[in-house]
Amino acid sequence: MADMMSNLMDRWGLREPQQGAVGEPQPGQGPVSRRTFLQAGVAAGGGLMLTLSLPSLADARTEGAARADGGALAADGDTALTAYISIARDGTTTIMAKNPDMGQGVKTSLPMMIAEELDVAWSQVRTEYAPLDPKRYGAQFSGGSFSTPMNWEPLRRAGAAGRQMLVQAAARSWRVPVGECTTDRGTVHHAPSGRSLTYGALAARAARLPVPDLKTVALKDPKDYKIVGRFTPQVDAPRVLAGEPLFGIDQSVPGMLYAVYEKAPVFGSRALSANLDEIKSLPGVRDAFIIHGDPAAVFTHGLVDGVAIVADRWHQANKALERLQVRWADNPASAASSAGFERQAAAFAGQTPQQILRHDGDVDRGFYGAGKILEASYAYPFLAHVPLEPMNCTAWAKPDGSMEIWSPTQSPGDAQKLVADTLGIDAHSITVHMTRVGGAFGRRGDNDYTVEAAAISQHIGKPVKLLWNRRQDIQHDIYRPAGFHHFRGGLDAQGKLVAFSDHFVTVGPDGKPSLAANLEPDIFPGGFVPNLQFGQSVMKSGIPTGYLRDPVYNGMAFAFESFIDELAVAAGRDPLEFRLDLLGPPRVFPAPPPFLGMKIPGFDTGRARGVLQLVAEKSGWGHQQLPPRTGMGLAFCYSHWGYVAEVVKASVNERGAPRIHKVWVAADVGRQIVNPAGAYQQAQGAVLDGLGAALHEAIRIENGAVVNENFNTFSPIRMREAPDVEVHFRITDNMVTGLGEPTLPPALPALTNALFAATGKRIRTLPIDPQLLV
């Protein structure tokens, strides 16, 4: 997992802290150092405003300027991460939400952390999106399941410091010891005298007090939580249900025009000419023109060549695409195809890997002494993200050279930087407004659509909304990479795994794996087999790849956990007992280096065993009497510091069509579930995403281009196919981690292992072909 996290840091411009923290935080908590401070001031309405500043999560590479997606430099070279709390005279508490909400609920859960320790009633809290301002807020992005672990400690301390100041203000007013005062739901009480004051009444006085040292503020005992740990609806849910214009696709500004942007079917091809005059003559069309970008931006996810059509209404621009004829330059990538990648991968399987990623023990000797050797090849395809809201952005190039942008992006800072670098605009002149995001799953961590809208607006000098149609959204995604695994496993006479190898064949443009196309050297069973080798070979590819929900593991878990299931069957062992035996007794591996200021504990076999045993108990593993052609499958995955095991119950009819009856999930994400409502939704949604990928989803490449066009050729899971997903959280005294991703990977192999149990036929290539199950 270390390689994936390193890639994420590179992608978002994040780096490890360069100076240690004062004091020892708990494992997984961000450091609270001498440079962590809280500032107090009087809000416009006379209330209290608290500004929390924290030490850097990343050292900047260029002094005097900040990466727009990584935060702003302070005087000592640090990045400031800020959160604002304001309390009005009437007690209303406004908490700024600095990260985009794409449905995962951070606009609710992060303010819950502050509100809990501040000790206000949740009914008194209002949340607002913060503006993009790295100098005040630091890194503002959503991705990698980082929001909860990065903010759990510092945001609670911000709330606790505010509570302490309000108590001090009350104690001074009453001239009583601070220790005699208590708080409850936005009010300070003095029990001996029976007096009380609301936070609203105290706010102005509290703002004039010295700010406490965040290291010393007292945090609540979890048993006293009133907000954290309670089922809390998302704060925007009523507005979403009412159809209010919250999403990027809803944005509108005066004088706005609409645009589409057509790019080459073969990624990165140059636009040579187009029938622009004919397009300009069509009803409602205001302009049509070629924009020249950088062919290499295919792999950096920036601006590439295309034809922009601008019209009074979007349907007019989209209709004009039917008449558009573009001559594209020849591109050697046009030779690529899905079938070609499959043939190359098969050829690589019989060759020596180009690179050895991990080598433990003596693999050749381990296989030589094995009593039984099993070989199998697994493959999974390129995948698109297909969020319900297609890529879109509204941009307004102003006459003074400034730019205003409304973008449903996971990384608004990266959007600002990309536009500035590509169009030659001072980043300080670019205002990026965060909107609610209608699904992302990693796709909107990139901002190609944002820079396209900005380039079109700059060209025409008017505000414009760019909206991709569904074909464009599928055919110009940043795809989950395809992968091919060639496994060997050696079992001794007692059925123990003594040798294991994987020759992983992946894709990349320059002999190195493209983004998210790498094999993690520590993926299970790495470190648990005495003789093990992971090798890798790279096929040349011009297909842009990137992060899709639980990158790397969303494909790897299918391959590894399916083959582990094969080994268990070959050994004559129950798949659960085989995994428990492989994990061995409870123990903790050495901790990895700190990540974004967090102390990450090492892999804990006790936690892995715990979720496996819990899911077995809840599903009745080994104890259910199953009808013919019905089976149960088990899988485990460790990702984003979370431990997840899943069981799927499925059946197969006489035509080979699978039906998923139920999924059981056991997850260990640490000592606290912040918002159970969001946690269950995230866990269940990720499982359904994984099942959809296994059942239906595959991007097909022909002549260098994606041939899928809509949901009829790239189909996510349908409601009628969605099973009941029963989630159980195993609470352990460990760092609090995120839940947006780690329940997805085990769903795929748990399903295919269940289909094997039902039919005796093994699925080794995704998506599932029902003909193989007849």
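The preceding data block contains the structure.
All figures in this text were calculated on a predicted structure; none of them were measured in a lab.

Colleague: Give me the overall build of the protein chain: which residues, what numbers.
Modeller: Counting its regular elements, the protein chain contains 19 helices and 28 strands. Evaluated residue by residue, the protein chain yields a buried proportion of 62% over its 774 residues. Summarising the internal contacts of the protein chain: among those between residues at least 6 apart in sequence, 76% fall at separations of at least 24. In the form shown here, the protein chain has an accessible surface area of approximately 29000 Å², with 51% of it arising from carbon and sulfur atoms.

Colleague: Can you tell me about the pairing of strand β19 (residues 464-467), naming the residues and giving the values?
Modeller: Each regular strand displays side chains that alternate between the two surfaces of the sheet. Burial of β19 is two-sided: the residues Val 464 and Leu 466 facing one way and the residues Lys 465 and Leu 467 facing the other way are all buried. In this structure, strand β9 (residues 257-263) lies alongside β19, joined through 3 bridges in parallel fashion. Among the inter-strand pairings, Ala 259 is bridged to a residue of β19, identified as Leu 466. Of the strand pairs in this sheet, strand β16 (residues 392-397) and β19 are connected by 4 bridges, and their pairing is antiparallel. Paired with Ala 395 across the strands is Val 464, a residue of β19.

Colleague: Which residues make up the nonpolar core, and what values go with them?
Modeller: In terms of nonpolar packing, the biggest core is built from 124 residues, with Phe 382, Phe 500, Phe 636, Ile 699, Leu 751 and Ile 768 touching the most fellow members. At 10 residues, the largest contribution of residues to this core is made by helix α15 (residues 553-570).

Colleague: Got a sec to walk through the sheet that holds strand β21 (residues 497-508)? Specific residues and values, please.
Modeller: Spatially, 5 strands are ordered β14-β22-β21-β20-β15 in an open sheet, and the strand pairing comes out mixed. Pairing within the sheet leaves two strands with one partner each, and these edge strands are β14 (355-360) and β15 (372-380). Strand-to-strand, the axes of this sheet are offset by a mean angle of 10 degrees, without reference to chain direction. Strands in contact with helix α10 (residues 338-349) are β20 (483-491), β21 and β22 (531-540); relative to β22, the strand with the most contacts, it is inclined by about 140 degrees. The sheet strands contacting α15 are β15, β20, β21 and β22, and the helix crosses β15 at an angle near 155 degrees.

Colleague: Lay out unusual backbone geometry in plain terms, naming residues and giving numbers.
Modeller: Note that the residue after Phe 524, namely Pro 525, is joined by a cis bond; omega there is 20 degrees. Note on placement: Pro 525 falls in the loop between β21 and β22. In this structure, the amide linkage connecting Leu 766 to the following residue, Pro 767, adopts the cis form with an omega of -5 degrees. The phi dihedral of Arg 185 falls on the positive side, at around 50 degrees, and the residue is not glycine. Position of Arg 185 relative to the elements: it lies in the loop between β6 (181-183) and β7 (187-190).

Colleague: With reference to specific residues and values, describe the packing of aromatic side chains.
Modeller: Throughout the structure, instances matching the rule amount to 25 aromatic pairs. Judged by centre distance (5.6 Å) and plane angle (75 degrees), the ring pair of Tyr 378 and Phe 558 falls under edge-to-face. Here Phe 558 lies in helix α15 and Tyr 378 lies in strand β15, a separation of 180 residues in the sequence. Residue classification places Tyr 378 among the buried positions, given a relative accessible area of 2%.

Colleague: Break down the pattern of salt bridges for me, citing the residues and quoting the values.
Modeller: Going through the model one piece at a time under the given rule, you end up with 43 salt bridges. For Asp 236, the salt bridge identified is with Lys 107, shortest N-O distance 3.1 Å. Here Lys 107 lies in helix α2 (residues 106-118) and Asp 236 lies in the loop between α5 (199-206) and α6 (237-241), a separation of 129 residues in the sequence. Relative accessible area serves as the criterion here: at 4%, Asp 236 is assigned to the buried category. What makes Lys 107 buried here is its relative accessible area of 5%. Residue Asp 119 pairs with Lys 220 through a salt bridge whose shortest N-O separation is 3.4 Å. Here Lys 220 lies in the loop between α5 and α6 and Asp 119 lies in the loop between α2 and β5 (125-129), a separation of 101 residues in the sequence. For the pair shown, Asp 119 and Lys 220 are each scored as buried.

Colleague: So what about empty space enclosed by the protein? Which residues, and what values?
Modeller: Evaluated as defined, the whole model comprises 7 cavities of 30 Å³ or more. A volume near 150 Å³ is recorded for the largest cavity. Taken together, 17 residues line the largest cavity, and the ones lying closest to its centre are Lys 263, Phe 267, Val 298, Val 304 and His 476. Residue composition of the lining of the largest cavity, grouped by class: 8 nonpolar, 5 polar and 4 charged.

Colleague: If you had to explain the packing of helix α4 (residues 147-174) against α5 to someone new, which residues and values would you point to?
Modeller: Between α4 and α5, the shortest axis-to-axis distance is 9 Å and the interhelical angle comes to 90 degrees. Judged on the interaxial angle alone, α5 and α4 are roughly perpendicular. In this structure, α4 uses Arg 163, Met 165, Leu 166, Ala 169, Ala 170 and Ser 173 to contact α5, whose residues at the interface are Tyr 199, Leu 202, Ala 203, Arg 205 and Ala 206. Of the residues that constitute the contact of α4 with α5, the class distribution is 8 nonpolar, 1 polar and 2 charged.

Colleague: Lay out the side chain of Lys 465 with the relevant residues and their values.
Modeller: Among the secondary structure elements, Lys 465 is positioned in strand β19. One buried charged residue, Lys 465, remains without a salt bridge, the closest side chain of opposite sign being Asp 250 at 6.5 Å. Of the polar contacts made by the side chain of Lys 465, one reaches the backbone oxygen of Ile 249; its length is 2.7 Å. Polar contacts involving the side chain of Lys 465 include one to the main-chain carbonyl oxygen of Gln 251, which spans 2.7 Å. The contact partners of Lys 465, leaving out residues within four places of it in the chain, are Gly 248, Ile 249, Asp 250, Gln 251, Met 256, Leu 257, Tyr 258, Ala 259, Cys 393 and Thr 394.

Colleague: Outline the environment of His 728, listing residues and values.
Modeller: Secondary-structure assignment places His 728 in strand β28 (residues 724-729). Taking the relative accessible area as the measure of exposure, His 728 reaches 18% and is therefore buried. Distance from His 728 to Ala 667, taken between C-alpha atoms, is 6.4 Å for residues 61 residues apart in sequence. Not counting the four nearest positions on each side in its chain, His 728 is found in contact with Leu 614, Lys 618, Val 665, Ala 666 and Ala 667.

Criteria and thresholds
- Residues numbered from 1 in each chain as written.
- Predicted model: local features only at pLDDT ≥ 70, side-chain atom pairs only at ≥ 80, totals over all residues.
- Heavy atoms only, no water.
- Helix = DSSP H or I, 4+ residues; strand = E, 2+ residues; numbered from the N terminus.
- Buried < 20%, exposed > 50% of the residue type's maximum accessible area, 1.4 Å probe, protein only.
- Contact = heavy atoms within 4.5 Å.
- Areas by Shrake-Rupley, 256 points an atom, 1.4 Å probe, with all protein chains shown as cover.
- Pairing = 2+ DSSP bridges.
- Core = buried A, V, L, I, M, F, W, Y, C linked by side-chain atoms within 4.5 Å.
- Axes fitted to C-alpha atoms, helices over the stretch in contact; angles between N-to-C directions.
- Phe/Tyr/Trp six-rings, centres within 6.5 Å; stacked < 30°, edge-to-face > 60°.
- Salt bridge = Lys/Arg side-chain N within 4 Å of Asp/Glu carboxyl O.
- 1 Å grid on protein atoms, 1.4 Å probe; cavity = no way out; pocket = protein on both sides within 12 Å on 5 of 7 lines; lining within 4 Å.
- Points joined across faces, edges and corners; volume = space filled by probe spheres on them.
- Nonpolar A, V, L, I, M, F, W, Y, C, P; charged D, E, K, R; others polar.
- Parallel < 35°, antiparallel > 145°, perpendicular 65-115°, else oblique.
- Lys, Arg positive; Asp, Glu negative; His and termini not counted.
- Polar contact = N/O pair within 3.5 Å; in protein donor to acceptor, adjacent residues only side chain to side chain.

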